[in-house]
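Letter by letter, the chains look like this.
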Amino acid sequence: MFENLSGKIEKAFKMLKGQGKITEINVAETMKEIRKALIDADVNYKIAKTFTDTVKEKALGQNVLTSVSPSQLMVKIVNDELTELLGGKTEDINLTGNPTVILMAGLQGSGKTTHSAKLANFLKKKGRSVMLAACDVYRPAAIEQLKVLGAQLDVPVFFEMENKNPVSIAQNALKAAKEANAKVLIVDTAGRLSIDEEMMAEIGNIKKALNPQEILFVVDAMTGQDAVNTAKAFNDVLDFTGVILTKLDGDTRGGAALSIKSIVNKPIKFMGMGEKMEALDTFHPDRMAQRILGMGDIVSLVERAQEVFDEQEAEKIQKKLLKDQFTFEDFYTQIQQIKKMGNLKDLMGMIPGVGKAVKDLDISDDAFKGIEAIINSMTPGERKTPDIINGSRRKRIASGSGTDIQQVNQLLKQFEDMRKMMKSIGKMQGAGRSMRGMPFGR
Amino acid sequence: MGIFNFFSKEKKEKLDQGLEKTKSSLFDKISKALVGKSAIDDEFLDNLEEILVSSDVGIETTLRIIERLQARVAKDKYVGVGELNNLLKDEIGKLLDENKSNIPTDFSDLKGVKPYVVMVVGVNGVGKTTTIGKMANQYKKAGKKVVLGAGDTFRAAAVEQLKIWGTRNDVDVISHGMNTDPASVAFDTVKHAVEIGADVAIIDTAGRLHNKIGLMNELSKIKRVMQKVTQDAPHEILLVLDASTGQNAFEQAKQFTAATEVNALALTKLDGTAKGGVVIGVADQFKIPVKYIGVGEGIEDLQLFNKQEFVDSLFKG
């Protein structure tokens, strides 16, 4: 995500290496590089300048007090400042009110409809009953789009095909949500330009009519210098409560995130990481700053894994593994769960130190396709007892899955190795029980 | 320049209005930077740098423009504000000028190609489907028979959206519905265009982020499949860029060009506050011409790009 930016800052830091302390002279060049990197990352020109000025001041002030290397110190200062600029602490979504009304607003094409649905999915998973309201009466098929997404998620969508007045649709939606006893109403609106006075007045009126608990400004992470103007204009009219940063699964450096928070002082609450309905993460400024500096984001990875993996299922598989009853069917289930976690490259990018390494690597979501095809070409009996897979069966599986015998052999070998390994771990754990009394046993 | 007779005066004003909002300030700033100056000094260059960078022109292109301006000034011996302004416009214009593309520059003369096949690509939310709806309108106005292909089979209701544009323009829309193979939609669209003797076939594709290798490969496939019907199709591969996009537009242009040999650009949403400055660098680096600009959501809100007007509007004040 922010790999490019961290690469550049890293380069700037390299220039500091080997120098005893931060001075006016050695810091100037580094600051210039950081500023360039930030602007290249679409951070607003002025904000980048303020940022580097602050960092410089802090750097010059601090060097007397500490004995760490200048570059380590700079990393810390830049990291702290970035975290600060990105919003300090994590801010949760406000779910007060009955129903909670969430109004979505933003430019055309920023991803409002998709993120209305993603947010519905997110809240539904947290056990809330959600209703969506389709108030984009302008873009062709916008209502249809929300209806399709609602049906996919099994979330009711309020719409009025004949009604061309978004304010009255919104009011009716609120009534309907109350009647249906929905706990959350998410109101999708048309994309609008901040200089379109009529349209801005309209969304102002929707706000007045609904009195929403949350007004979320949806903004494309690829936005350039204009992010500050747009964010300011929407904030002036709506006084929004938070920001959703979308399309962060692209390779944009996402400087807009750095700009928006500092210009309107509103928290970034969510980030969109892909087109799947699950691809919505809460925004963590501290982690994002670490990510910018190439420190990875292992916490997000673990959280995503926890959310996707069914705990009981995992426990069942673990038991099977240890008892050496692990079958290809279980293996297949595991692959499905890993796939649910999202784009493989994103996942790897979250592992500290890996982000930069995978930047140019071609890792597609199809990585499992061959394996899936092979497993699918096995008979149920073969999946349960892989030992029966002899030469002719291997040939059949290979031709059935469109692979070759080598690939089938490889998979069978890997599977066997894994089983052996798990068996020995199982034995060690069994033995572990009797080790409790020993000095290093627990 | 006959093409611009197409647009009423009102249309031109709309572009000006859009560009003016923020771009008038560009001129103001330059003028201010020049008050009482008789030569280009560091302060002026700092100001110019700030102005260009805040229009999303990007550091590299900005430095290039400044370099070229300095070289010109050294040669031409600049004297006044007006003159410097002209030199600046001229240098920016040159960056937009150099391209290797030789696609038709308007809606009426398709250089004898029939059907003229256009494939529209870009990241999510830039306005591909809307641009196609507006293009169909312009082609029809120029007396062309148009067929549209609903190749965005992924995003919910995208097919429906294109069909509505088809009805508005009264043109055929070839569709296989959602979640079908976009390459086969493209194939059938071109085939249908040949069969009914259409002049233009425009194929929509799903928005995709350029770093998704699988999806980019899919685009290459869509392109290849069309060639089974007409060998040199698609004749135009139009990359749609959102004017509010920052430096990521370079990466978009790079990856989409690698996958599909983009030979035309459309810059959308220019009626907002975004300045679209990044297109200067993109056009220069990839030698691809900007063909269209989008200035609104209405069916008429598409214009052929006119370099002079674009640059002039940048400095209008």
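Quick caveat, the model's predicted, so the values are computed rather than measured.

1. Remarks on the packing of aromatic side chains
Residues and elements named next belong to chain A.
Part 1 of the argument: Inspection of the entire model under this criterion finds 8 aromatic pairs over all chains.
Part 2 of the argument: Relative to phenylalanine 234, the ring of phenylalanine 217 has its centre 5.1 Å away and its plane inclined at 40 degrees; by these criteria the two rings are tilted. Placement of the pair is phenylalanine 217 in strand S5 (residues 214–220) and phenylalanine 234 in helix H9 (residues 227–238), with a sequence separation of 17 residues.
Part 3 of the argument: Its relative accessible area of 0% is what places phenylalanine 234 among the buried residues.

2. Regarding the domain arrangement of chain A
One frequently used descriptor of interface size is the decrease in accessible area upon assembly of the parts.
Residues and elements named next belong to chain A.
Part 1 of the argument: If you check the domain split of chain A, you get domain 1 (3–85), domain 2 (100–282) and domain 3 (313–436).
Part 2 of the argument: The interface is formed by 14 residues belonging to domain 1 together with 14 residues belonging to domain 2.
Part 3 of the argument: Regarding the contact of domain 1 and domain 2, the summed buried area is about 1200 Å², with carbon and sulfur atoms giving 52% of it.
Part 4 of the argument: At the boundary of domain 1 and domain 2, one finds 0 salt bridges.
Part 5 of the argument: For the pair domain 1 and domain 2, the interface holds 4 residue pairs in polar contact (both at pLDDT 80 or more).
Part 6 of the argument: Secondary structure elements with two or more residues in the side of domain 1 that touches domain 2: helix H1 (3–14), helix H2 (24–40), helix H3 (45–62) and helix H4 (70–86).
Part 7 of the argument: For the side of domain 1 that touches domain 2, a count of residues per class yields 9 nonpolar, 2 polar and 3 charged.

3. Section: unusual backbone geometry
Most of the time, phi is negative for any residue but glycine, and the peptide bond is trans.
Part 1 of the argument: Here asparagine 98 of chain A and proline 99 of chain A are connected by a cis peptide whose omega angle stands at -5 degrees.
Part 2 of the argument: Position of proline 99 of chain A among the secondary structure elements: in the loop between H4 and strand S1 (100–106).
Part 3 of the argument: The amide bond that connects alanine 233 of chain B to the next residue, proline 234 of chain B, takes the cis arrangement and shows omega of -10 degrees.
Part 4 of the argument: Tracing the backbone shows proline 234 of chain B in the loop between helix H8 (213–226) and strand S5 (236–242).
Part 5 of the argument: Positive phi, close to 75 degrees, is recorded for aspartate 42 of chain A, a residue that is not glycine.
Part 6 of the argument: Secondary-structure assignment places aspartate 42 of chain A in the loop between H2 and H3.
Part 7 of the argument: By relative accessible area, which is 3% here, aspartate 42 of chain A ends up buried.
Part 8 of the argument: In this model, alanine 141 of chain A sits at a positive phi of 65 degrees, which is unusual for a non-glycine residue.
Part 9 of the argument: Mapped onto the secondary structure, alanine 141 of chain A falls in the loop between strand S2 (130–135) and helix H6 (142–153).
Part 10 of the argument: Alanine 141 of chain A gets classed as buried once you look at its relative accessible area, which sits at 11%.

4. Brief notes about the packing of helix H5 (residues 128–141) of chain B against helix H6 (residues 158–169) of chain B
All names here are of chain B.
Part 1 of the argument: Taken N-terminus to C-terminus, the directions of H5 and H6 make an angle of 20 degrees; their axes are 9 Å apart at the nearest point. Viewed along their axes, H5 and H6 adopt a mutual orientation that is roughly parallel. The element H5 and its partner H6 pack so that their crossing is right-handed. Contact residues: Thr129, Thr130, Ile132, Gly133, Ala136, Asn137 and Lys140 in H5; Gln161, Leu162, Trp165 and Asn169 in H6.

5. A look at the interface of chain B and chain A
Part 1 of the argument: The interface is formed by 40 residues belonging to chain B together with 35 residues belonging to chain A.
Part 2 of the argument: Where chain B abuts chain A, roughly 3400 Å² becomes buried across the two surfaces, and 57% of that area is made up of carbon and sulfur atoms.
Part 3 of the argument: For the pair chain B and chain A, the number of links is 1 salt bridge.
Part 4 of the argument: Here chain B and chain A share 14 residue pairs in polar contact (both at pLDDT 80 or more) between them.
Part 5 of the argument: Of all the secondary structure elements, the ones that give two or more residues to the side of chain B that touches chain A are helix H2 (42–53), H6 and helix H9 (248–260) of chain B.
Part 6 of the argument: Top element by residues in the side of chain B that touches chain A is H6 of chain B. It accounts for 5 residues.
Part 7 of the argument: The residue makeup of the side of chain B that touches chain A, split by class, is 11 nonpolar, 15 polar and 14 charged.

6. Some thoughts on helix H17 (residues 369–376) of chain A
Part 1 of the argument: For H17 of chain A, every residue scored as buried is listed here: Glu372, Ile374 and Ile375 of chain A. The buried residues of H17 of chain A occupy an angular sector of 160 degrees when projected down its axis, which confines them to one face.

7. Quick notes on the sheet that holds S1 of chain A
Residues and elements named next belong to chain A.
Part 1 of the argument: A sheet is described by the order of its strands in space; here 8 strands give the open sequence S3-S2-S4-S1-S5-S6-S7-S8, paired in mixed fashion. Two strands bound the open sheet, and with one partner strand each, they are strand S3 (157–158) and strand S8 (280–282).
Part 2 of the argument: With 5 bridges joining them, S5 and strand S6 (residues 242–246) adopt parallel strand pairing. Its bridge partner being in S6, leucine 216 is matched across the sheet by glycine 242.
Part 3 of the argument: Taken strand by strand, helix H8 (residues 197–210) contacts S1, strand S4 (184–189) and S5, and its axis lies near 175 degrees from that of S1.
Part 4 of the argument: Where H9 meets the sheet, its contacts fall on S1 and S5, and the angle it forms with S5 comes to roughly 165 degrees.

8. Looking at the sheet that holds strand S7 (residues 290–294) of chain B
All names here are of chain B.
Part 1 of the argument: Here we have 8 strands laid out as an open sheet, ordered S3-S2-S4-S1-S5-S6-S7-S8, and mixed in their pairing. Only two strands of the sheet have a single neighbouring strand rather than two, namely strand S3 (172–174) and strand S8 (302–304). Across the sheet, the mean angle from the axis of one strand to that of its neighbour is 25 degrees, orientation sign disregarded.
Part 2 of the argument: Looking at chain direction, strand S1 (residues 116–121) and strand S4 (residues 200–203) are connected through 4 bridges and run parallel. Along S4, the bridge assignment pairs valine 117 with alanine 201.
Part 3 of the argument: Along the sheet, helix H7 (residues 182–196) contacts S1, strand S2 (146–149), S3 and S4; its crossing angle with S2, the most-contacted strand, is approximately 165 degrees.

9. Digging into the nonpolar core
Part 1 of the argument: Core analysis: the biggest nonpolar cluster contains 89 residues, and Tyr139, Ile202, Met226, Leu265, Val282, Tyr292 and Phe310 of chain B have the highest contact counts within it.
Part 2 of the argument: Apart from the residues within four sequence positions on either side, isoleucine 202 of chain B is in contact with Val118, Val120, Ile132, Met135, Ala136, Tyr139, Val146, Val147, Leu148 and Gly149 of chain B.
Part 3 of the argument: Grouped together as the second largest cluster of nonpolar side chains are 67 residues, Val101, Ile169, Leu193 and Val228 of chain A included.

About the criteria used
- Residues numbered from 1 in each chain as written.
- Chains lettered and ligands numbered in written order.
- Predicted model: local features only at pLDDT ≥ 70, side-chain atom pairs only at ≥ 80, totals over all residues.
- Heavy atoms only, no water.
- Phe/Tyr/Trp six-rings, centres within 6.5 Å; stacked < 30°, edge-to-face > 60°.
- Helix = DSSP H or I, 4+ residues; strand = E, 2+ residues; numbered from the N terminus.
- Buried < 20%, exposed > 50% of the residue type's maximum accessible area, 1.4 Å probe, protein only.
- Domains from an automatic or database assignment.
- Contact = heavy atoms within 4.5 Å.
- Buried area = accessible area lost by both parts, 1.4 Å probe.
- Salt bridge = Lys/Arg side-chain N within 4 Å of Asp/Glu carboxyl O.
- Polar contact = N/O pair within 3.5 Å; in protein donor to acceptor, adjacent residues only side chain to side chain.
- Nonpolar A, V, L, I, M, F, W, Y, C, P; charged D, E, K, R; others polar.
- Axes fitted to C-alpha atoms, helices over the stretch in contact; angles between N-to-C directions.
- Parallel < 35°, antiparallel > 145°, perpendicular 65-115°, else oblique.
- Left-handed = near helix turned anticlockwise from the far one by under 90°.
- Arc of directions from axis to C-beta.
- Pairing = 2+ DSSP bridges.
- Core = buried A, V, L, I, M, F, W, Y, C linked by side-chain atoms within 4.5 Å.

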